[in-house]
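Listed below are the residues making up each chain.
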Amino acid sequence: MDRLIVGGPVATMAPGGARYGLIEDGAVAHRDGRITFVGRRADLPAALADIPPTDVGGRLVTPGLVDCHTHVVFGGNRAAEFEMRLEGASYEEVARAGGGILSTMRATRAADEATLLEAALWRVDALIGEGVTTMEVKSGYGLNIADEIKMLRVARRIAEERPVRIVTSWLAAHALPPEYDERARYIEEVVLAGLDRAHSEGLVDAVDAFCEGIAFSSDDVAGVFDRALSLGLPVKLHAEQLSHAGGAALAARYGALSADHLEFIDEADAAAMARAGTVAVLLPGACYTLRQAEKPNVAALRSAGVRMAVATDCNPGSSPLTSLLLALNMAATLFRLTPEEALVGATRHAAAALGLGDEIGTLEVGKCADIAVWNVTAPAELVYRIGFNPLDTRLFAGHPG
Ligand code: DI6
Ligand code: FE
């Protein structure tokens with residue numbers, strides 16, 4: 001059945017036209033979960049003009065938001081570590097003392113699927129409540145084959161329990177678990193063997209790793225990426241977050257969908273990413289939480305023409321953040337993205353970071369009818385407010401919910 005939305009400005013977020021792809025007094029029609037018309041209400045074709053419309057009363061219409069980097073499936077929390085860090089310990093010191101990712105690993109291993117799912121849904125519901133219609137979810141707190149696979153099963157279950165599209169990433173190369181003292185052996189026995197298995201069970205949409213002094217080197221990651229590409233899976237990378245470890249250049253060399261964090265990139269990295277079409281996923285929640293002085297070199301990314309996305313990085317350690325709207329505000333105020341860049345970063349470019357640029361991320365004919373209606377009149381309002389959620393209505397594949 002055809003449905004029609006009229007009566008407000010439509011920020012299509014499509015490139016090439018007005019800022020935000022904005023259409024004053026716009027109209028959006030959709031049928032069977034796909035968009036069939038976007039344009040000025042005055043230009044509606046006669047066949048659509050007869051449909052009884054939903055009038056949004058002047059409210060802003062945008063694509064559903066896309067959170068392209070999250071770790072929402074995990075056990076426990078890290079409030080105690082937060083206290084330690086506020087008493088002076090650094091994130092890396094906590095990690096080296098067996099806290100950090102390994103403390104979440106213990107809690108995640110100890111939790112069954114139902115417990116992990118229930119905890120994840122609290123966070124997912126907060127994101128859905130802000131108009132998120134697609135989100136990425138990583139493994140990376142199991143650090144053995146069974147528990148990594150358990151995490152991705154839970155990630156898939158989210159999409160059965162809630163009206164949201166879930167894209168999974170295999171992040172077994174997140175930290176070295178205590179039962180291994182050699183990275184090479186862990187990579188062979190868990191990261192690669194587990195990837196083969198998880199992929200054969202249909203649980204993996206992409207492969208990620210943490211390229212960092214406290215995690216895996218760019219040589220380690222190259223071996224993981226080789227396997228991913230041989231399985232036909234796209235890759236992405238946690239790169240240059242705490243030091244310049246070569247991750248951004250590696251990601252570009254492998255044609256990665258995205259390189260994420262990037263607080264320590266240089267201009268050569270930005271140029272390599274631009275040539276490869278690798279999206280820069282900026283995660284201001286982590287920078288904020290770690291009170292990191294270094295910020296991603298947005299000017300270099302911008303002038304090289306790298307597409308920038310913004311995500312929550314929702315995780316229990318470095319970014320316990322379940323608000324993509326707050327991430328947008330932080331991206332503007334901490335990283336100096338323009339409000340338009342920030343909003344493009346949570347729609348069109350976030351979709352590209354997930355390899356879904358043809359399906360979601362803009363309001364264009366043929367794409368999924370993932371639509372958000374907001375109690376504001378201008379797109380910049382979604383970025384400038386702090387701790388304010390103006391979502392009015394959300395459609396996922398054409399259905400309210
Ligand atoms: N970088 C991050 O910011 C998260 N993972 C990563 O590789 C942090 C994960 C955590 O501290 O639990
Ligand atoms: Fe992350």
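A brief report on the enclosed structure follows. (Residues numbered from 1 in each chain as written. Chains lettered and ligands numbered in written order. Predicted model: local features only at pLDDT ≥ 70, side-chain atom pairs only at ≥ 80, totals over all residues. Heavy atoms only, no water.)

### As for the side chain of T289
Then step 1. As for its position among the elements, T289 is in helix α11 (residues 284-289).
Then step 2. Residue classification places T289 among the buried residues on the basis of a relative accessible area of 14%.
Then step 3. For T289, the side chain forms a polar contact with the main-chain oxygen of S318, separated by 3.3 Å.
Then step 4. Aside from chain neighbours lying at most four places away, what touches T289 is R85, G317, S318, S319 and P320. (Helix = DSSP H or I, 4+ residues; strand = E, 2+ residues; numbered from the N terminus. Buried < 20%, exposed > 50% of the residue type's maximum accessible area, 1.4 Å probe, protein only. Polar contact = N/O pair within 3.5 Å; in protein donor to acceptor, adjacent residues only side chain to side chain. Contact = heavy atoms within 4.5 Å.)

### Description of the pairing of strand β14 (residues 371-374)
Then step 1. Going residue by residue along β14, you find I371 and V373 tucked away on one face and A372 and W374 tucked away on the opposite face as well.
Then step 2. Direction of pairing for strand β5 (residues 60-63) relative to β14: antiparallel, over a ladder of 4 bridges. Pairing of V61 across the sheet is with V373, part of β14.
Then step 3. Alignment of β14 against strand β15 (residues 391-396), held across 4 bridges, turns out to be antiparallel. When the bridges of β15 are listed, W374 appears paired with L391. (Pairing = 2+ DSSP bridges.)

### Examining the site of ligand 1
Then step 1. Around ligand 1 lies a shell of 14 residues, among which R78, Y91, Y141, H174 and S318 are the nearest.
Then step 2. Here an oxygen atom of ligand 1 sits 3.4 Å away from a polar atom, N or O, in the side chain of H261.
Then step 3. Contacts to ligand 1 include S318, whose side-chain N or O atom sits 2.6 Å from an oxygen atom.
Then step 4. Considering only residue class, the shell around ligand 1 consists of 4 nonpolar, 8 polar and 2 charged. (Near = heavy atom within 4 Å. Nonpolar A, V, L, I, M, F, W, Y, C, P; charged D, E, K, R; others polar.)

### As for the sheet that holds strand β6 (residues 65-67)
Then step 1. Reading across the sheet, the 8 strands line up as β6-β7-β8-β9-β10-β11-β12-β13 and stay open at both edges, with parallel pairing between neighbours. Sheet topology places β6 and β13 (308-310) at the edges, where each strand pairs with a single neighbour. Ignoring strand direction, the axes of neighbouring strands in this sheet form an average angle of 25°.
Then step 2. Pairing geometry for strand β11 (residues 258-261) and strand β12 (residues 279-282), over 3 bridges, is parallel. Looking at the pairing, D260 lines up with V281 of β12.
Then step 3. Running over the sheet, helix α6 (residues 145-161) touches β7 (132-138) and β8 (165-173) and is turned about 170° from β8. (Axes fitted to C-alpha atoms, helices over the stretch in contact; angles between N-to-C directions.)

### Details of the packing of helix α7 (residues 183-200) against helix α8 (residues 218-230)
For any two helices packed against each other, the geometry comes down to the angle between their axes and how far apart the axes lie.
Then step 1. Two elements in contact, α7 and α8, have axes separated by 11 Å at closest approach and are oriented at 20°. Taken together, the axis directions place α7 and α8 in an arrangement best described as roughly parallel. Classified by chirality, the crossing of α8 by α7 is right-handed. Mapping the contact onto sequence places R183, I187, E188, V191, L192, L195 and D196 in α7 and D220, G223, V224, R227 and A228 in α8.
Then step 2. Of the residues contributing to the contact of α7 with α8, the split by class is 6 nonpolar, 1 polar and 5 charged. (Parallel < 35°, antiparallel > 145°, perpendicular 65-115°, else oblique. Left-handed = near helix turned anticlockwise from the far one by under 90°.)

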